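Residue-level listing of the chains:
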Amino acid sequence: MSNIEISGAKILVRFGSVVITETVVNTWLIMLVIFIACRILTRGLTVRGGTKRQMVAEWIVTKVNGLVKTNMGEAFRDYPPLIAAIMALSALCSLSSMVGLYAPTSDLSTLVGWSLMVFVLITYYKIRANGFLGYLKGYTEPIVVMLPMNIVSEIATPISMAFRHFGNVASGTVVTALVYAALSALSAAVFKFLPGALASIPFFQVGLPAVLSLYFDIFSSCIQAFIFSMLTMAYVSAAAQ
């Protein structure tokens, strides 16, 4: 195993110029978890009645369908599976750090890949709605001199989506590390009078980091998944108009 890192993710296997990092392995593990969860929730479905598993599955489907219909309209009724997949993958990738895994969303390349996928969808719908020539003409509106700014604005869409998500995940990690370090230093200063090894115990690290974890590891992970999904719906539906 190499100690070389790419965006914080260790390289686990190398085949010449092809490398497999923690990001790739953990992402596939999370996709496997999502697949297994879907299989369990959708097993043995019935038209009437049903188990608690079926009730959970129906609740998820209803909520996602409603979210897509509200934000994208009836024309995008085939999009709920994609939005649900993005939301689940994003949330679980971020939450995976709570079980000791390297969170794939801590790797900028993951979020750039997702954002480029959304950018391809945006471009496809713009071309479908306006035609290829109309799509190119859109870069010169409202006046021709806006061409450079319109190009920058178009490129900025996937970049902003990727860095917004990555920045929130990275900032949570940095803030948590700083709080741990500060509490350790505070404990050492306050309890330095204790004898022997007792003086080195970080007493102040008990409690507060757990509270911060509720926000940075759980709430922030879920809200960033929701925001990324909402931006995907907003950009794609706007491109089709």
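That block above? That's the structure.
Now for a look at the structure at hand. It should be emphasised that the depicted structure is a prediction, and the values quoted were computed from it without experimental measurement. (Residues numbered from 1 in each chain as written. Predicted model: local features only at pLDDT ≥ 70, side-chain atom pairs only at ≥ 80, totals over all residues. Heavy atoms only, no water.)

## Focus on the packing of helix H3 (residues 80–95) against helix H4 (residues 108–137)
Close contact between H3 and H4 brings their axes to 13 Å; oriented N to C, the two are set at 165°. Classed by the angle they form, the pair H3 and H4 counts as roughly antiparallel. Here the hand of the crossing between H3 and H4 comes out left-handed. Listed contacts from H4 to Leu82, Ile86, Leu89, Ser90 and Cys93 of H3 are Trp114, Met117 and Leu121. Of the residues belonging to the contact of H3 with H4, the class tally is 7 nonpolar, 1 polar and no charged. (Axes fitted to C-alpha atoms, helices over the stretch in contact; angles between N-to-C directions. Helix = DSSP H or I, 4+ residues; strand = E, 2+ residues; numbered from the N terminus. Parallel < 35°, antiparallel > 145°, perpendicular 65-115°, else oblique. Left-handed = near helix turned anticlockwise from the far one by under 90°. Contact = heavy atoms within 4.5 Å. Nonpolar A, V, L, I, M, F, W, Y, C, P; charged D, E, K, R; others polar.)

## Some details on unusual backbone geometry
Residue proline 142 is bonded to the preceding glutamate 141 through a cis peptide linkage, with omega at 0°. Mapping proline 142 onto the fold places it in the loop between H4 and helix H5 (147–190).

## Focus: empty space enclosed by the protein
Considering all chains together, one arrives at 1 cavity of 30 Å³ or more under this definition. Considered as a void within the structure, the largest cavity measures approximately 30 Å³ in volume. Around the largest cavity, the lining residues are Met161, Arg164, His165, Gln224, Ile227, Phe228 and Leu231. Breaking the lining of the largest cavity down by element, the ones donating at least two residues are H5 and helix H6 (208–239). It is H6 that provides the largest number of residues to the lining of the largest cavity, a total of 4 residues. For the lining of the largest cavity, the per-class residue count stands at 4 nonpolar, 2 polar and 1 charged. (1 Å grid on protein atoms, 1.4 Å probe; cavity = no way out; pocket = protein on both sides within 12 Å on 5 of 7 lines; lining within 4 Å. Points joined across faces, edges and corners; volume = space filled by probe spheres on them.)

What is shown is where atoms sit, not what they do.
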